[in-house]
Amino acid sequence: MKQHLRLGTISGIPVGLHWGLLVIAWLQAASLAGSLLPAASPGLGSGAYWAAALTGVVLFFASILAHELGHSLVAQREGIRVRSITLWFLGGVAELDRQADRPRAELKIALAGPAVSLVLALGFLAAAVGLEALVGSTLVGTVLAWLAFANGVLAVFNMIPAAPLDGGRVLAAVLWARSGDVSRARSIASRSGRGFGAVLMAGGLLLVFNGLPGGITIVILGWFLRTAATQELRYHELAEQAATLPAHVAMTPLSSPIDSGVTVSGLAAMVSPLSGPVAFPVRDADGETRGIVTTLDAAGVSAKRRSQVTVADIAVGFDRFVGARTDETLSAVLERLGTPEADRAFVYDADGRPAGVIGPAELAAVRSPVAV
Ligand SMILES: [Zn+2]
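A. Fine view of the overall build of the chain. In terms of regular secondary structure, the chain is built from 12 helices and 12 strands. Overall, the C-alpha framework of the chain stretches about 85 × 50 × 40 Å when taken along its three principal axes. A burial count over the chain gives 42% of its 372 residues as buried. Looking at the chain alone, contacts between residues at least 24 apart form 63% of all its contacts between residues at least 6 apart. Only carbon and sulfur atoms are counted for the fraction: they give 64% of the accessible area of the chain, which is about 18,600 Å². Of note, the chain has its 28 positive side-chain charges centred 5 Å away from the centre of its 27 negative side-chain charges.

B. View of the sheet that holds strand 11 (residues 354-358). Spatial strand order, 5-11-10-9: 4 strands in an open sheet with mixed pairing. Of all the strands in the sheet, the pair left with one neighbour each is strand 5 (252-253) and strand 9 (321-325). Across 4 bridges, strand 10 (residues 344-348) lies against strand 11 in antiparallel orientation. When the sheet's bridge partners are listed, Phe346 is paired in strand 11 with Val357.

C. A look at the side chain of Ser187. Positionally, Ser187 belongs in helix 6 (residues 182-209). At 2.9 Å, the side chain of Ser187 and the backbone oxygen of Ser183 are in polar contact. Those residues within four positions of Ser187 in sequence are excluded, and the remaining contacts are Leu233, His236 and Glu240.

D. Fine view of the packing of aromatic side chains. Within the structure shown, the criterion is met by 10 aromatic pairs. Consider the rings of Trp88 and Phe224, whose centres lie 5.3 Å apart with planes at 75 degrees: the pair is edge-to-face. Remark: Phe224 occurs in helix 7 (residues 215-242) and Trp88 occurs in strand 3 (residues 82-88); sequence separation between them is 136 residues. Judged by relative accessible area, Trp88 falls into the buried class, the value being 14%. Ring geometry for Phe318 versus Phe346: centroids 5.9 Å apart, planes at 75 degrees, classification edge-to-face. One end of the pair, Phe318, is in the loop between helix 10 (311-314) and strand 9; the other, Phe346, is in strand 10, and 28 residues separate them in sequence. Site record: aromatic cluster; members linked through ring pairs are Phe318, Phe321, Phe346 and Tyr348. Over the aromatic face of Trp176 sits the side chain of Arg186, whose NZ or CZ is 5.0 Å from the ring centroid.

E. Inspection of the pairing of strand 8 (residues 289-294) at higher detail. One ladder, built from 5 bridges, connects strand 7 (residues 279-283) with strand 8; its direction is antiparallel. Within the sheet, the bridge partner assigned to Pro281 lies in strand 8 and is Ile292.

F. Spatial organisation of the coordination of the zinc ion. The zinc ion binds to the protein through His67 (NE2), His71 (NE2), Asp166 (OD) and Asp166 (OD); the donor distances cover 2.0 to 2.7 Å. Coordination at the zinc ion is irregular, judged from the 4 donor atoms that bind it and the angles of 53 to 151 degrees they form at the metal.

G. Structural view of the packing of helix 6 against helix 7. At their nearest, the axes of helix 6 and helix 7 sit 7 Å apart, and the two run at 160 degrees to each other. In this view, helix 6 runs roughly antiparallel relative to helix 7, as classed from their interaxial angle. Crossing handedness for the pair helix 6 and helix 7: left-handed. Grouping the constituent residues of the contact of helix 6 with helix 7 by class yields 16 nonpolar, 11 polar and 7 charged.

H. Spotlight on the pattern of salt bridges. Scanning the entire structure with this criterion turns up 15 salt bridges. In this structure, Arg81 and Asp97 form a salt bridge, with 3.3 Å as the shortest nitrogen-oxygen distance. Note that Arg81 is positioned in the loop between helix 2 (46-77) and strand 3 and Asp97 in the loop between strand 4 (91-96) and helix 3 (103-135), a separation of 16 residues in sequence. One salt bridge in this structure joins Glu237 and Arg191, with 3.8 Å as the shortest N-O distance.

I. Expanded view of the domain arrangement of the chain. By domain assignment, the chain separates into domain 1 (5-245) and domain 2 (247-366). If you look at the interface, domain 1 gives 7 residues, while domain 2 gives 9 residues. Taken together, the two surfaces of domain 1 and domain 2 that pack against each other cover about 560 Å², and 64% of this comes from carbon and sulfur. Between the two partners, domain 1 and domain 2, sit 0 salt bridges. Taken together, the residues of the side of domain 1 that touches domain 2 sort by class into 6 nonpolar, 1 polar and no charged.

Analysis parameters
Residues numbered from 1 in each chain as written. Predicted model: local features only at pLDDT ≥ 70, side-chain atom pairs only at ≥ 80, totals over all residues. Heavy atoms only, no water. Helix = DSSP H or I, 4+ residues; strand = E, 2+ residues; numbered from the N terminus. Buried < 20%, exposed > 50% of the residue type's maximum accessible area, 1.4 Å probe, protein only. Contact = heavy atoms within 4.5 Å. Areas by Shrake-Rupley, 256 points an atom, 1.4 Å probe, with all protein chains shown as cover. Lys, Arg positive; Asp, Glu negative; His and termini not counted. Charge placed at Lys NZ, Arg CZ, Asp CG, Glu CD. Pairing = 2+ DSSP bridges. Polar contact = N/O pair within 3.5 Å; in protein donor to acceptor, adjacent residues only side chain to side chain. Phe/Tyr/Trp six-rings, centres within 6.5 Å; stacked < 30°, edge-to-face > 60°. Lys NZ or Arg CZ within 6 Å of the ring centre and 35° of its normal. Donors = N, O, S within 2.8 Å, 3.2 Å for Na, K, Ca; no water. Tetrahedral: all angles 85-135°; square planar, octahedral: opposite > 155°, others 65-115°. Axes fitted to C-alpha atoms, helices over the stretch in contact; angles between N-to-C directions. Parallel < 35°, antiparallel > 145°, perpendicular 65-115°, else oblique. Left-handed = near helix turned anticlockwise from the far one by under 90°. Nonpolar A, V, L, I, M, F, W, Y, C, P; charged D, E, K, R; others polar. Salt bridge = Lys/Arg side-chain N within 4 Å of Asp/Glu carboxyl O. Domains from an automatic or database assignment. Buried area = accessible area lost by both parts, 1.4 Å probe.

Listed below in C-alpha coordinates is the structure:
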(Lines give C-alpha, C1' and ligand atoms only; values in the text may rest on other atoms or scores of the structure.)
Protein backbone atom coordinates (compact mmCIF):
# COMPACT_ATOMS: atom_id res chain seq x y z
CA MET A 1 0.00 0.00 0.00
CA LYS A 2 1.43 3.34 -1.05
CA GLN A 3 1.86 5.94 1.69
CA HIS A 4 1.30 9.53 0.50
CA LEU A 5 1.82 11.10 3.90
CA ARG A 6 4.24 9.71 6.48
CA LEU A 7 3.03 10.21 10.06
CA GLY A 8 6.08 8.73 11.80
CA THR A 9 7.30 5.38 13.08
CA ILE A 10 5.96 3.32 15.95
CA SER A 11 8.03 0.39 17.24
CA GLY A 12 10.18 0.78 14.12
CA ILE A 13 7.15 0.51 11.77
CA PRO A 14 6.58 3.33 9.25
CA VAL A 15 3.02 4.64 9.76
CA GLY A 16 1.39 6.67 7.00
CA LEU A 17 -1.75 7.75 5.18
CA HIS A 18 -3.06 7.07 1.71
CA TRP A 19 -4.77 10.18 0.31
CA GLY A 20 -8.04 8.23 -0.11
CA LEU A 21 -8.37 8.36 3.66
CA LEU A 22 -8.75 12.16 3.59
CA VAL A 23 -11.74 11.85 1.25
CA ILE A 24 -13.51 9.34 3.45
CA ALA A 25 -12.62 11.30 6.64
CA TRP A 26 -14.17 14.42 5.11
CA LEU A 27 -17.36 12.56 4.11
CA GLN A 28 -17.60 11.05 7.59
CA ALA A 29 -17.09 14.40 9.33
CA ALA A 30 -19.67 16.05 7.05
CA SER A 31 -22.23 13.37 7.82
CA LEU A 32 -21.59 13.66 11.57
CA ALA A 33 -21.63 17.48 11.65
CA GLY A 34 -24.50 17.78 9.16
CA SER A 35 -27.01 15.27 10.49
CA LEU A 36 -26.09 12.85 13.29
CA LEU A 37 -24.77 15.33 15.88
CA PRO A 38 -27.45 18.06 15.37
CA ALA A 39 -30.16 15.38 15.63
CA ALA A 40 -28.73 13.95 18.87
CA SER A 41 -27.84 17.27 20.55
CA PRO A 42 -29.93 20.06 18.94
CA GLY A 43 -29.56 23.80 19.50
CA LEU A 44 -25.81 24.31 19.06
CA GLY A 45 -23.85 26.32 16.46
CA SER A 46 -22.40 24.63 13.36
CA GLY A 47 -18.86 25.43 14.63
CA ALA A 48 -19.45 23.20 17.66
CA TYR A 49 -20.77 20.34 15.47
CA TRP A 50 -17.80 20.54 13.12
CA ALA A 51 -15.27 20.67 15.95
CA ALA A 52 -16.90 17.63 17.58
CA ALA A 53 -17.18 15.79 14.22
CA LEU A 54 -13.53 16.35 13.27
CA THR A 55 -12.34 15.28 16.74
CA GLY A 56 -14.51 12.17 16.47
CA VAL A 57 -13.18 11.26 13.02
CA VAL A 58 -9.55 11.77 14.10
CA LEU A 59 -10.17 9.54 17.14
CA PHE A 60 -11.82 6.96 14.88
CA PHE A 61 -8.75 6.75 12.64
CA ALA A 62 -6.56 6.62 15.75
CA SER A 63 -8.70 3.62 16.76
CA ILE A 64 -8.02 1.95 13.40
CA LEU A 65 -4.31 2.62 13.90
CA ALA A 66 -4.56 0.98 17.34
CA HIS A 67 -6.24 -2.06 15.71
CA GLU A 68 -3.36 -2.37 13.21
CA LEU A 69 -0.79 -1.87 15.97
CA GLY A 70 -2.47 -4.75 17.81
CA HIS A 71 -1.75 -7.05 14.84
CA SER A 72 1.72 -5.58 14.30
CA LEU A 73 3.10 -5.77 17.83
CA VAL A 74 1.98 -9.39 18.21
CA ALA A 75 3.50 -10.20 14.78
CA GLN A 76 6.81 -8.63 15.87
CA ARG A 77 6.73 -10.72 19.05
CA GLU A 78 6.32 -13.79 16.81
CA GLY A 79 9.48 -12.78 14.96
CA ILE A 80 7.73 -11.40 11.84
CA ARG A 81 8.90 -8.07 10.48
CA VAL A 82 6.16 -5.48 9.88
CA ARG A 83 6.89 -3.46 6.73
CA SER A 84 4.36 -0.68 7.25
CA ILE A 85 0.99 0.39 8.59
CA THR A 86 -1.13 2.46 6.22
CA LEU A 87 -4.50 4.07 6.87
CA TRP A 88 -6.62 4.25 3.73
CA PHE A 89 -10.22 4.70 2.79
CA LEU A 90 -11.34 1.19 3.70
CA GLY A 91 -9.60 1.27 7.08
CA GLY A 92 -6.07 0.23 7.91
CA VAL A 93 -3.61 -2.31 6.64
CA ALA A 94 -0.46 -3.67 8.28
CA GLU A 95 1.89 -5.32 5.81
CA LEU A 96 3.80 -8.24 7.28
CA ASP A 97 6.92 -9.66 5.68
CA ARG A 98 5.62 -13.21 5.71
CA GLN A 99 2.93 -15.52 7.03
CA ALA A 100 3.15 -17.06 10.48
CA ASP A 101 4.84 -20.47 10.58
CA ARG A 102 2.64 -21.92 13.35
CA PRO A 103 -1.19 -21.95 13.64
CA ARG A 104 -1.03 -20.53 17.17
CA ALA A 105 1.02 -17.52 16.00
CA GLU A 106 -1.38 -16.94 13.06
CA LEU A 107 -4.33 -17.08 15.47
CA LYS A 108 -2.76 -14.62 17.95
CA ILE A 109 -1.81 -12.10 15.22
CA ALA A 110 -5.32 -12.26 13.70
CA LEU A 111 -7.17 -11.91 17.01
CA ALA A 112 -5.05 -9.01 18.32
CA GLY A 113 -6.66 -6.38 16.02
CA PRO A 114 -10.33 -7.11 16.77
CA ALA A 115 -9.43 -7.50 20.48
CA VAL A 116 -8.06 -3.93 20.51
CA SER A 117 -11.21 -2.66 18.71
CA LEU A 118 -13.45 -4.46 21.21
CA VAL A 119 -11.59 -2.96 24.19
CA LEU A 120 -11.83 0.51 22.60
CA ALA A 121 -15.57 0.04 21.94
CA LEU A 122 -16.17 -0.90 25.58
CA GLY A 123 -13.97 1.99 26.80
CA PHE A 124 -15.80 4.60 24.68
CA LEU A 125 -19.14 3.10 25.72
CA ALA A 126 -18.23 3.30 29.43
CA ALA A 127 -17.10 6.93 28.95
CA ALA A 128 -20.35 7.83 27.10
CA VAL A 129 -22.57 6.17 29.73
CA GLY A 130 -20.56 7.69 32.60
CA LEU A 131 -20.75 11.19 31.12
CA GLU A 132 -24.47 10.87 30.51
CA ALA A 133 -25.03 9.80 34.13
CA LEU A 134 -23.02 12.77 35.42
CA VAL A 135 -24.18 15.69 33.26
CA GLY A 136 -26.95 14.31 31.02
CA SER A 137 -26.95 14.27 27.22
CA THR A 138 -24.06 16.25 25.67
CA LEU A 139 -22.37 16.68 22.32
CA VAL A 140 -19.22 15.03 23.69
CA GLY A 141 -21.31 12.10 24.94
CA THR A 142 -22.80 11.63 21.45
CA VAL A 143 -19.32 11.56 19.86
CA LEU A 144 -18.16 9.02 22.47
CA ALA A 145 -21.22 6.83 21.77
CA TRP A 146 -20.54 7.05 18.01
CA LEU A 147 -16.90 6.01 18.60
CA ALA A 148 -18.09 3.05 20.70
CA PHE A 149 -20.45 2.00 17.90
CA ALA A 150 -17.82 2.44 15.14
CA ASN A 151 -15.21 0.40 17.04
CA GLY A 152 -17.82 -2.27 17.78
CA VAL A 153 -18.65 -2.53 14.07
CA LEU A 154 -14.91 -2.73 13.29
CA ALA A 155 -14.44 -5.62 15.74
CA VAL A 156 -17.51 -7.57 14.59
CA PHE A 157 -17.10 -7.01 10.82
CA ASN A 158 -13.45 -8.03 10.93
CA MET A 159 -14.33 -11.31 12.67
CA ILE A 160 -16.43 -12.54 9.72
CA PRO A 161 -14.60 -15.76 8.69
CA ALA A 162 -13.61 -14.57 5.22
CA ALA A 163 -9.94 -13.89 4.35
CA PRO A 164 -8.40 -11.33 4.06
CA LEU A 165 -10.59 -10.21 7.00
CA ASP A 166 -9.18 -11.12 10.42
CA GLY A 167 -11.91 -13.73 10.91
CA GLY A 168 -10.64 -15.45 7.76
CA ARG A 169 -7.14 -15.67 9.29
CA VAL A 170 -8.71 -17.11 12.45
CA LEU A 171 -10.58 -19.70 10.35
CA ALA A 172 -7.36 -20.62 8.51
CA ALA A 173 -5.42 -20.98 11.78
CA VAL A 174 -8.09 -23.24 13.31
CA LEU A 175 -8.33 -25.44 10.17
CA TRP A 176 -4.51 -25.55 9.97
CA ALA A 177 -4.20 -26.65 13.61
CA ARG A 178 -6.80 -29.38 13.05
CA SER A 179 -5.61 -30.80 9.73
CA GLY A 180 -1.93 -29.80 9.65
CA ASP A 181 -2.45 -28.77 6.01
CA VAL A 182 -1.66 -25.04 5.92
CA SER A 183 -2.19 -24.47 2.18
CA ARG A 184 -5.59 -26.12 2.21
CA ALA A 185 -6.63 -24.21 5.36
CA ARG A 186 -5.66 -20.86 3.82
CA SER A 187 -7.29 -21.75 0.49
CA ILE A 188 -10.60 -22.46 2.24
CA ALA A 189 -10.41 -19.11 4.11
CA SER A 190 -9.67 -17.28 0.83
CA ARG A 191 -12.54 -19.05 -0.98
CA SER A 192 -14.80 -17.96 1.86
CA GLY A 193 -13.47 -14.39 1.29
CA ARG A 194 -14.34 -14.56 -2.41
CA GLY A 195 -17.85 -15.74 -1.55
CA PHE A 196 -18.36 -13.06 1.08
CA GLY A 197 -17.07 -10.36 -1.30
CA ALA A 198 -19.68 -11.45 -3.85
CA VAL A 199 -22.43 -11.41 -1.21
CA LEU A 200 -21.44 -7.85 -0.18
CA MET A 201 -21.47 -6.68 -3.80
CA ALA A 202 -24.93 -8.18 -4.35
CA GLY A 203 -26.22 -6.69 -1.09
CA GLY A 204 -24.78 -3.27 -1.97
CA LEU A 205 -26.42 -3.36 -5.41
CA LEU A 206 -29.74 -4.26 -3.78
CA LEU A 207 -29.45 -1.14 -1.60
CA VAL A 208 -28.58 1.01 -4.66
CA PHE A 209 -31.58 -0.26 -6.65
CA ASN A 210 -33.90 0.40 -3.73
CA GLY A 211 -32.57 3.95 -3.31
CA LEU A 212 -31.11 3.21 0.14
CA PRO A 213 -27.87 4.88 1.32
CA GLY A 214 -24.47 3.19 1.66
CA GLY A 215 -24.90 0.82 -1.30
CA ILE A 216 -21.97 2.11 -3.36
CA THR A 217 -19.55 1.86 -0.39
CA ILE A 218 -20.63 -1.75 0.25
CA VAL A 219 -20.22 -2.67 -3.44
CA ILE A 220 -16.68 -1.19 -3.44
CA LEU A 221 -15.83 -2.96 -0.17
CA GLY A 222 -17.11 -6.27 -1.58
CA TRP A 223 -15.13 -5.80 -4.78
CA PHE A 224 -11.89 -5.10 -2.85
CA LEU A 225 -12.41 -8.12 -0.59
CA ARG A 226 -13.14 -10.41 -3.51
CA THR A 227 -10.12 -9.17 -5.48
CA ALA A 228 -7.77 -9.54 -2.50
CA ALA A 229 -9.14 -13.01 -1.71
CA THR A 230 -8.67 -14.11 -5.34
CA GLN A 231 -5.07 -12.90 -5.30
CA GLU A 232 -4.39 -14.75 -2.05
CA LEU A 233 -5.96 -17.91 -3.42
CA ARG A 234 -3.56 -17.81 -6.36
CA TYR A 235 -0.61 -17.58 -3.95
CA HIS A 236 -1.89 -20.51 -1.88
CA GLU A 237 -2.26 -22.63 -5.01
CA LEU A 238 1.31 -21.78 -6.01
CA ALA A 239 2.52 -22.67 -2.51
CA GLU A 240 0.60 -25.95 -2.73
CA GLN A 241 2.30 -26.73 -6.04
CA ALA A 242 5.69 -25.81 -4.57
CA ALA A 243 5.25 -28.59 -2.02
CA THR A 244 5.45 -31.22 -4.77
CA LEU A 245 7.36 -29.53 -7.62
CA PRO A 246 11.13 -30.13 -7.86
CA ALA A 247 13.41 -27.13 -7.23
CA HIS A 248 14.70 -26.97 -10.80
CA VAL A 249 11.35 -25.78 -12.23
CA ALA A 250 11.86 -22.39 -10.54
CA MET A 251 15.60 -22.31 -11.16
CA THR A 252 17.39 -19.78 -13.34
CA PRO A 253 19.93 -21.91 -15.27
CA LEU A 254 23.63 -21.19 -14.96
CA SER A 255 25.58 -20.17 -18.08
CA SER A 256 29.36 -19.99 -18.62
CA PRO A 257 31.37 -17.40 -16.60
CA ILE A 258 31.70 -13.77 -17.75
CA ASP A 259 34.43 -11.24 -16.96
CA SER A 260 33.82 -8.81 -14.12
CA GLY A 261 34.46 -5.77 -16.35
CA VAL A 262 31.46 -6.47 -18.65
CA THR A 263 28.83 -3.72 -18.38
CA VAL A 264 25.14 -4.37 -17.93
CA SER A 265 24.46 -3.27 -21.52
CA GLY A 266 27.25 -5.62 -22.63
CA LEU A 267 25.54 -8.43 -20.75
CA ALA A 268 22.20 -7.60 -22.37
CA ALA A 269 23.85 -7.86 -25.81
CA MET A 270 25.12 -11.37 -24.95
CA VAL A 271 21.69 -12.77 -24.11
CA SER A 272 18.95 -13.49 -26.62
CA PRO A 273 15.88 -11.38 -25.78
CA LEU A 274 13.83 -14.53 -26.44
CA SER A 275 15.56 -16.67 -23.82
CA GLY A 276 14.29 -16.88 -20.24
CA PRO A 277 16.35 -15.57 -17.32
CA VAL A 278 19.99 -16.72 -17.21
CA ALA A 279 22.57 -16.64 -14.39
CA PHE A 280 26.32 -16.02 -14.92
CA PRO A 281 29.24 -16.59 -12.57
CA VAL A 282 31.27 -13.35 -12.55
CA ARG A 283 35.03 -13.95 -12.92
CA ASP A 284 37.79 -11.55 -11.84
CA ALA A 285 40.91 -10.76 -13.90
CA ASP A 286 42.82 -13.25 -11.73
CA GLY A 287 40.35 -15.98 -12.63
CA GLU A 288 38.52 -16.07 -9.30
CA THR A 289 34.71 -16.22 -9.28
CA ARG A 290 33.40 -13.38 -7.12
CA GLY A 291 29.65 -13.94 -7.34
CA ILE A 292 26.60 -14.53 -9.52
CA VAL A 293 24.68 -12.09 -11.69
CA THR A 294 21.35 -12.93 -13.29
CA THR A 295 19.59 -11.23 -16.19
CA LEU A 296 16.79 -10.51 -13.71
CA ASP A 297 19.26 -8.53 -11.52
CA ALA A 298 20.54 -6.71 -14.61
CA ALA A 299 16.99 -5.77 -15.65
CA GLY A 300 16.72 -3.85 -12.36
CA VAL A 301 19.44 -1.38 -13.44
CA SER A 302 18.00 1.82 -14.97
CA ALA A 303 18.52 2.25 -18.73
CA LYS A 304 20.63 5.38 -18.15
CA ARG A 305 23.21 3.57 -16.02
CA ARG A 306 23.54 0.35 -18.00
CA SER A 307 26.62 1.45 -19.92
CA GLN A 308 28.47 2.44 -16.69
CA VAL A 309 27.47 -0.29 -14.22
CA THR A 310 29.47 -3.51 -14.53
CA VAL A 311 28.32 -7.01 -13.68
CA ALA A 312 30.83 -6.95 -10.80
CA ASP A 313 28.90 -4.00 -9.29
CA ILE A 314 25.64 -5.94 -9.12
CA ALA A 315 26.97 -9.48 -8.65
CA VAL A 316 25.69 -11.22 -5.51
CA GLY A 317 28.41 -12.80 -3.34
CA PHE A 318 28.35 -16.50 -2.48
CA ASP A 319 27.83 -15.71 1.21
CA ARG A 320 24.19 -14.87 0.39
CA PHE A 321 23.51 -18.28 -1.18
CA VAL A 322 22.37 -21.45 0.51
CA GLY A 323 23.06 -24.79 -1.17
CA ALA A 324 20.27 -26.82 -2.78
CA ARG A 325 19.79 -29.83 -5.07
CA THR A 326 17.67 -30.06 -8.23
CA ASP A 327 15.74 -33.07 -6.87
CA GLU A 328 14.63 -31.35 -3.63
CA THR A 329 11.07 -29.99 -3.59
CA LEU A 330 10.77 -26.28 -4.27
CA SER A 331 9.09 -25.68 -0.91
CA ALA A 332 11.96 -27.40 0.95
CA VAL A 333 14.41 -24.97 -0.69
CA LEU A 334 12.19 -21.94 -0.12
CA GLU A 335 11.92 -22.75 3.58
CA ARG A 336 15.65 -22.11 3.93
CA LEU A 337 15.48 -18.77 2.09
CA GLY A 338 13.95 -15.39 2.71
CA THR A 339 16.28 -13.84 5.29
CA PRO A 340 18.34 -10.83 4.15
CA GLU A 341 21.53 -12.84 4.88
CA ALA A 342 20.49 -15.79 2.70
CA ASP A 343 17.96 -14.89 0.03
CA ARG A 344 19.23 -17.06 -2.83
CA ALA A 345 19.87 -20.74 -3.43
CA PHE A 346 22.73 -22.21 -5.47
CA VAL A 347 21.35 -25.38 -7.00
CA TYR A 348 23.51 -28.45 -7.82
CA ASP A 349 22.39 -31.31 -10.05
CA ALA A 350 22.35 -34.98 -8.99
CA ASP A 351 26.05 -35.35 -9.92
CA GLY A 352 27.02 -32.33 -7.77
CA ARG A 353 27.60 -29.97 -10.71
CA PRO A 354 26.38 -26.34 -10.42
CA ALA A 355 23.07 -26.10 -12.30
CA GLY A 356 21.41 -22.75 -11.46
CA VAL A 357 20.15 -20.30 -8.88
CA ILE A 358 16.83 -19.48 -7.20
CA GLY A 359 16.55 -15.83 -6.16
CA PRO A 360 14.12 -13.27 -4.73
CA ALA A 361 12.09 -13.06 -7.95
CA GLU A 362 11.27 -16.78 -7.83
CA LEU A 363 10.76 -16.50 -4.09
CA ALA A 364 8.28 -13.61 -4.42
CA ALA A 365 6.07 -15.73 -6.68
CA VAL A 366 5.64 -18.37 -4.00
CA ARG A 367 5.98 -16.61 -0.66
CA SER A 368 3.64 -13.65 -0.52
CA PRO A 369 3.73 -10.86 2.01
CA VAL A 370 0.49 -10.69 3.97
CA ALA A 371 -1.82 -7.82 4.90
CA VAL A 372 -3.89 -7.81 8.09
ZN1 LIG B 1 -7.49 -6.44 11.51
